[in-house]
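# Structural overview
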Amino acid sequence: MTLVLAADGRPLKASLNRALRRQKLRALMLIAPLLIFIMVSFVMPIADMLFRSVENEIVVETLPRTVATLDGWDSESGQAPSEDVFAALYFDLVLATEYKTHTRLGSRLNYEMSGISSLFRKSGRGVGRFTTDTYTDAIQAADLAYSDPAQWAVWMADDDVRAALPMTANIYDAWATMIIVAEEDVPAEEVPWDFVYTSLFLEVMEGAEPPIALDLSAVAPVSLRDQFADVDEDWLDPVVWQIVKIYSPEYTNGYFLNSVDRLKGLDGIEVRPENEQIYITLFIRTMIMSGSIMGMCVLLGYPIAWLLANLPARKANMLMILVLLPFWTSLLVRTSAWKVLLQRQGVINDTLVWYHSTWFGQLLDPVFMGLLNLCYALVNAITWVWNLINGIWGGTDGLYLDWAVAGFERLALINNQTGTIIAMTHILLPFMILPLFSVMKTIPIAYLRAAKSLGATNWTAFWRVYFPQSVPGIGAGCILVFILSIGYYITPELVGGTKGVFISNRIAFHISSSLNWGLAAALGTILLVVVMGLYWMYDKIVGIDNVKLGG
Amino acid sequence: MKTTMKLMATTCLTLSATLAAADGHMADEMTIVSWGGAYSSSQENAYHIPYAEMTGVTIINDASSAEAVAKLRAMSEAGNITWDVVDVVASDAIRLCDEGLALEIDFDTQLAVGDDGSTATEDFGDLLVSDCFIPQIVYSTTVGYRTDLVGDTPPTDICAIFDTETYPGMRSLEKRPINNMEWALLCDGVAKADVYDVLETDEGQTQAFAKLDTIKDSVIWWSAGADTPQLLADGEIIMGSTYNGRLFSLIEEQGQPVAMLWDAQVFDLDGWIIPTGLSPEREARALDYVYFATDTQRLADQAKYISYGPARASSAPLVGQHATLGIDMAPHMPTDPANATNTFLYNYTWWADYRDDLDAKFQVWLSQ
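Residue positions are given per chain, counting from 1 as you read along its sequence in written order. Both sets of labels track the order of writing: A upward for chains, 1 upward for ligands. In keeping with the predicted nature of the model, local features appear solely for residues at pLDDT of at least 70, side-chain atom pairs appear and are counted solely at 80 or more, and the whole-chain, interface and lining totals rest on all residues. Here the side-chain values reflect all heavy atoms present in the structure, with hydrogen atoms and water set aside.

## Some details on the overall build of chain B
Strands are runs of DSSP state E lasting at least 2 residues, helices are runs of H or I lasting at least 4, and numbering of each runs from the N terminus. Helix and strand counts for chain B come out as 14 helices and 10 strands. Taken over C-alpha atoms, the radius of gyration is set against a globule rule of 2.2 Å times the number of residues to the power 0.38. For chain B, whose C-alpha radius of gyration is 22 Å, the value lies close to the compact-globule estimate of 21 Å for 368 residues. Overall size of chain B, expressed as C-alpha extent along the three principal axes, is 80 × 45 × 45 Å. Only protein chains enter the calculation, and the probe is 1.4 Å; a residue is then buried if its accessible area is under 20% of its type maximum, exposed if over 50%, and partly exposed in between. Residue burial in chain B is summarised as follows: out of 368 residues, 57% are buried. Contacts were defined at the residue level, with two residues in contact if any of their heavy atoms lie within 4.5 Å. Contacts in chain B between residues at least 24 apart in sequence constitute 75% of all its contacts with a sequence separation of at least 6. The Shrake-Rupley method, run with a 1.4 Å probe, gives the accessible areas here. Residue values count only the displayed protein chains as cover. Accessible surface for chain B amounts to roughly 14700 Å². Of this, 53% is attributable to carbon and sulfur atoms. None of His or the chain ends enter the tally, which takes Lys and Arg as positive and Asp and Glu as negative. The location of each charge is read from NZ of Lys, CZ of Arg, CG of Asp or CD of Glu. When the 20 positive and 56 negative side-chain charges of chain B are each reduced to one mean point, those points stand 7 Å apart.

## A word on the overall build of chain A
Helix and strand content of chain A: 26 helices and 2 strands. For a compact globule of 551 residues, the expected C-alpha radius of gyration is about 24 Å, and chain A comes in at 36 Å, more than 25% above that figure. Overall, chain A is about 115 × 95 × 50 Å in size when its C-alpha atoms are taken along their principal axes. Among the 551 residues that make up chain A, the fraction classed as buried is 39%. For chain A, long-range pairs separated by at least 24 residues make up 70% of all intrachain contacts whose partners lie at least 6 apart in sequence. Summed over its atoms, the accessible surface of chain A is roughly 29700 Å², and 65% of this surface lies on carbon and sulfur atoms.

## Quick look at the domain arrangement of chain B
Residue and element names in this part refer to chain B. Splitting chain B by domain gives domain 1 (29–138 + 269–332) and domain 2 (142–267 + 345–367). Facing the 23 residues of domain 1 at the interface are 16 residues of domain 2. What gets called buried area is simply the loss in accessible area from a 1.4 Å probe that two parts show on being joined, summed for both. The junction of domain 1 with domain 2 conceals about 1600 Å² of combined surface from both sides, 58% of it contributed by carbon and sulfur atoms. For salt bridges, the criterion is a side-chain nitrogen of Lys or Arg within 4 Å of an Asp or Glu carboxyl oxygen. Where domain 1 packs against domain 2, one counts 1 salt bridge. Between Arg-355 and Asp-92 there is a salt bridge, and its shortest N-O distance comes to 3.4 Å. What qualifies as a polar contact is a pair of N or O atoms within 3.5 Å, subject to a donor-acceptor requirement within protein and to the restriction that residues adjacent in sequence count only when both atoms come from side chains. Across the domain 1-domain 2 interface, the total number found is 6 residue pairs in polar contact (both at pLDDT 80 or more). Of all the secondary structure elements, the ones that give two or more residues to the side of domain 1 that touches domain 2 are helix H2 (37–55) and helix H4 (90–98). Sorting elements by how many residues they give to the side of domain 1 that touches domain 2 places H4 first, with 5 residues. Note that the domain bounds were set by an automatic or database domain assignment.

## As for the state of the cysteines
Residue and element names in this part refer to chain B. Cysteine sulfur atoms that come within 2.5 Å of each other are treated as a disulfide pair. Throughout the structure, instances matching the rule amount to 2 disulfides over all chains. Paired by a disulfide, Cys-97 and Cys-132 hold their sulfur atoms 1.9 Å apart. Disulfide Cys-97-Cys-132: the torsion about the S-S bond is 60 degrees, which places it as right-handed. With Cys-97 in helix H4 and Cys-132 in the loop between helix H6 (120–124) and strand E4 (134–146), this residue pair connects regions lying 35 residues apart in the sequence. Of the two residues examined, Cys-97 and Cys-132, each falls in the buried class. Regarding the disulfides, chain B carries the connectivity 1-2, 3-4 under sequence-order numbering of its bonded cysteines.

## Structural notes on unusual backbone geometry
Its identity as a non-glycine residue notwithstanding, Glu-184 of chain A has a phi of 55 degrees, on the positive side. Position of Glu-184 of chain A among the secondary structure elements: in the loop between helix H10 (166–183) and helix H11 (194–205). What makes Glu-184 of chain A exposed here is its relative accessible area of 66%. Not every positive phi belongs to a glycine, and Ala-264 of chain B is a case in point at roughly 55 degrees. Within the secondary structure, Ala-264 of chain B is located in strand E8 (residues 258–273).

## Points about the UniProt feature "transmembrane region" (unreviewed entry) in chain A
UniProt marks residues 27–47, 282–309, 316–333, 367–389, 427–450, 470–490 and 515–538 of chain A with the feature "transmembrane region" (unreviewed entry), using the numbering shown here. Secondary structure within residues 367–389 of chain A divides into 100% helix and 0% strand; the distance between the first and last C-alpha atoms comes to 33 Å. UniProt positions are given in the numbering used here, feature names are shortened, and annotations may be inferred rather than shown by experiment.

## Re the interface of chain A and chain B
On the chain B side, the residues contacting the 33 residues of chain A number 28 residues. At the boundary of chain A with chain B, total buried surface from both sides reaches about 2700 Å², with 44% on carbon and sulfur atoms. Together, Lys-100, Arg-121 and Thr-498 of chain A form the three largest contributors to the area buried by chain A at its contact with chain B, with a combined 20%. When residues of the side of chain A that touches chain B are traced back to their parent elements, those giving at least two are helix H5 (102–110), helix H6 (116–126) and helix H25 (503–512) of chain A. Partitioned by chemical class, the residues of the side of chain A that touches chain B number 4 nonpolar, 16 polar and 13 charged. Any residue outside Ala, Val, Leu, Ile, Met, Phe, Trp, Tyr, Cys, Pro, Asp, Glu, Lys and Arg is labelled polar, Gly included; the first ten of those are nonpolar and the last four are charged.

## Some remarks on the pattern of salt bridges
All names here are of chain B. Per the stated rule, a full pass over the model turns up 23 salt bridges over all chains. For the salt bridge of Asp-84 with Arg-282, the shortest nitrogen-to-oxygen distance reads 2.8 Å. On the criterion of sequence distance, the pair formed by Asp-84 in the loop between helix H3 (68–78) and strand E3 (85–89) and Arg-282 in helix H12 (residues 280–293) is long-range, its members being 198 residues apart. A relative accessible area of 21% places Arg-282 in the partly exposed class.

## A closer look at the pairing of strand E2 (residues 58–62) of chain B
At least two bridges found by DSSP between two strands are what make those strands a pair. When strand E1 (residues 29–33) of chain B meets E2 of chain B, the two strands line up parallel, connected through 5 bridges. The residue bridging Thr-31 of chain B from the neighbouring strand is Ile-60 of chain B, located in E2 of chain B.

## Observations concerning H6 of chain A
Counting buried positions along H6 of chain A gives 9 out of 11 residues, so the element sits mostly inside the fold. Turning to H6 of chain A, its buried residues are Ile-116, Ser-117, Ser-118, Leu-119, Phe-120, Arg-121, Ser-123, Gly-124 and Gly-126 of chain A.

## Considering the environment of Pro-11 of chain A
If you trace the backbone, Pro-11 of chain A turns up in the segment before helix H1 (12–52). The residues touching Pro-11 of chain A, leaving out its near neighbours within four places in the chain, are Leu-3, Val-4, Leu-5 and Ala-6 of chain A.

## Focus: helix H11 (residues 244–253) of chain B
Residue and element names in this part refer to chain B. In terms of burial, H11 is largely enclosed, as 8 of its 10 residues are buried. Residues Asn-244, Gly-245, Arg-246, Leu-247, Phe-248, Ser-249, Leu-250 and Ile-251 constitute the buried set of H11. Looking at the buried positions of H11, the neighbouring elements they touch are H2, E4, helix H10 (227–234), strand E7 (239–243) and E8. Of the residues one or two after H11, Gly-255 is the one with positive phi, at around 65 degrees.

## Digging into the pairing of E4 of chain B
Residues and elements named next belong to chain B. Burial within E4 is extensive, with 13 of its 13 residues counted as buried. As judged from the 11 bridges shared by E4 and E8, these two strands associate in the antiparallel manner. Among the inter-strand pairings, Val-143 is bridged to a residue of E8, identified as Leu-261. Here E4 pairs with strand E9 (residues 309–310) via 2 bridges, running antiparallel. Among the inter-strand pairings, Val-138 is bridged to a residue of E9, identified as Gly-309. Where E4 and E7 come together, 5 bridges link them in antiparallel fashion. Counted as the bridge partner of Thr-141 is Tyr-243 from E7.

This is the structure we're talking about:
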């Protein structure tokens, strides 16, 4: 086999590859700014969000010693842990209080069991008043050297002493770091705090050899367990300790479980108590309401887009401005306008009241009421039959409109789901009209005329010829509106009251008010997965190639 | 050529200014965070404008106090504190102090001596509830109602909120547990002195939520202090809770058909904190500002613009008339004997402990 060589003597294949590589590199350089921008502003935040939804380092960082000793505790014993765990908690909590991290840990654990936040706050304040100073006094009284900070520093630099008193050395180091970092003092000039003496006492009582022999047999031991129980008896509650133990690993699925109204119990995953379940309801509500908004947008947007596409250019431009003007108007302005229109004393209700007071209204009211009640009666009858078929006995509730009798009552159009659907349909309508318009613009009107000249009725011509061609526009509009609406939170917050809010309102609440970023990240991740799932389903059913934004 | 010269000169000036600032001089720009609306403008008139005139400092106003705790936590986590002085309520101040997010103040050396010669500690007295908190005003959360919509028997006590039979229609309550839980228990027969003991238990919380359940469908929940006055003015609600100063401005300044229900008004404190982690020059400026803004005359000045009681005892005699309306302010203060016949003492230390727990429960209850 002969090797084909290029002009410079290299094998042709290598030379070609090199040229290609250079080309690719150049292309990459050209798109590099965009790529970097997308990485920094889009991919990295999403990755960070995914990471935050499982990250849980705070427990082990704040209570390292407690977590380590808690391994020996049998969480199913029904008893609070023993004295050594409380001793470890004492050391950890004194340090955490100085660094002021105990409140943050309390807030973290409070997500799993309400009440823990206040437990940590109270204990942080109480831990400085523990009666462990009797140890300090006894040790200092036994030998004066123990009250000399410089001597302590010398001891703690000595490997033999450290080997004999491992726990005290560890606590002293943590104390010294804290003195330098939090108090900005020099450890060799400060008498160690009570908790260092406590650890020395505990080790000596267990038979360790201190640098200067100590006889502490006369000192009455202080029960740290009792000290904590004095601050708050919840410390004796095994459930609190179970929570600490369950959430001690560095990573947790707790936030995700919380997002689907579950929690991590001792025997695995449990359902949260009923008065704490909201997220599944909110997810379902978000989906249903976004779907309704999307449906309303199709119903309202289709005829408008048709008009826009088929009117003479001058008239179409005028109409287009009417579509674009609200599109360009600030979201807040439009939402506030809806508040003015929809509220009980608002324009729409006032108009309705006025209409009902005119002779025309009074003439027509009974007719409308009759029609409405007929509809309700039909619904009732259908439900009744349905129940009969399914073997549910008990009839139906009387769904008749009672305000037909009571006279007109002002409608509740805002601060509920109705308000959210109305306002958001208005806000998202342009996102439906514009893709529909750009697709319809490309459908030649001659097709309709041809269909009719071949004998089709108006409806057949529309349904068989025109509509199939406009489906890509409907698809694009629906995807746009649906995905935008599940992410909306400002409008539902302002007009939705408590029943018309979305899951995104909870995400916003957890990011800006409760600061439960882990839960917000987990909820966000679920939302992201749901959107991607729906997108995939849409691709399977309709085909994403059929979506057109125009052209 | 000219441009280059100008650029060089500016750079030199900026450099020297930076050096001067680092040298221990004070910053000449500061961000002050407060609650917005009528309250912020009273501070603007009483403190910011005179302070800016006296020192040449540029003051930037930010109305984010409602999210102060959350935002300060986030800022401290991000390591970039952009606020210099923050106006918060007492329980938030306690929480921020516990978490090390607010600067501890030495009241007697860092605050002005009272006009009557008393030290700051004596002058503020019991209102110094936290080492980080510099009290400014005593305000109260109370209920306002539409005089034309409540019928012939205007409400006289707080339980009117829960009485949908006598007073049908919508009411507005704050979108957080504070005050609502207390009022619910009071109207469910719990004695005033036992409210917090009951609220501490699970049964007590269930009881409060059950009472709130009875009116849940007729409540519009507000989160900004300006919401209730607006809803009252629109006639959208017949009664609603808000801060007494907001109602004062609605009734006296705007002349709306609204009256106040002082019954079970909840006293609370509001004041300044300085975030920790500021650069030395910004901290010096912030301390200088609060020294100025909390002296006897300045606190009395704020009462010219809004009906909140000054936190210093020595300021009380100086409270006079409204700056533009010319009416006496004393009868509109929450502390006036005629108004304070049945006040409810808000327990901010209790709330500092239980806020996180109850906030979570309340939010769930709301969305169910």
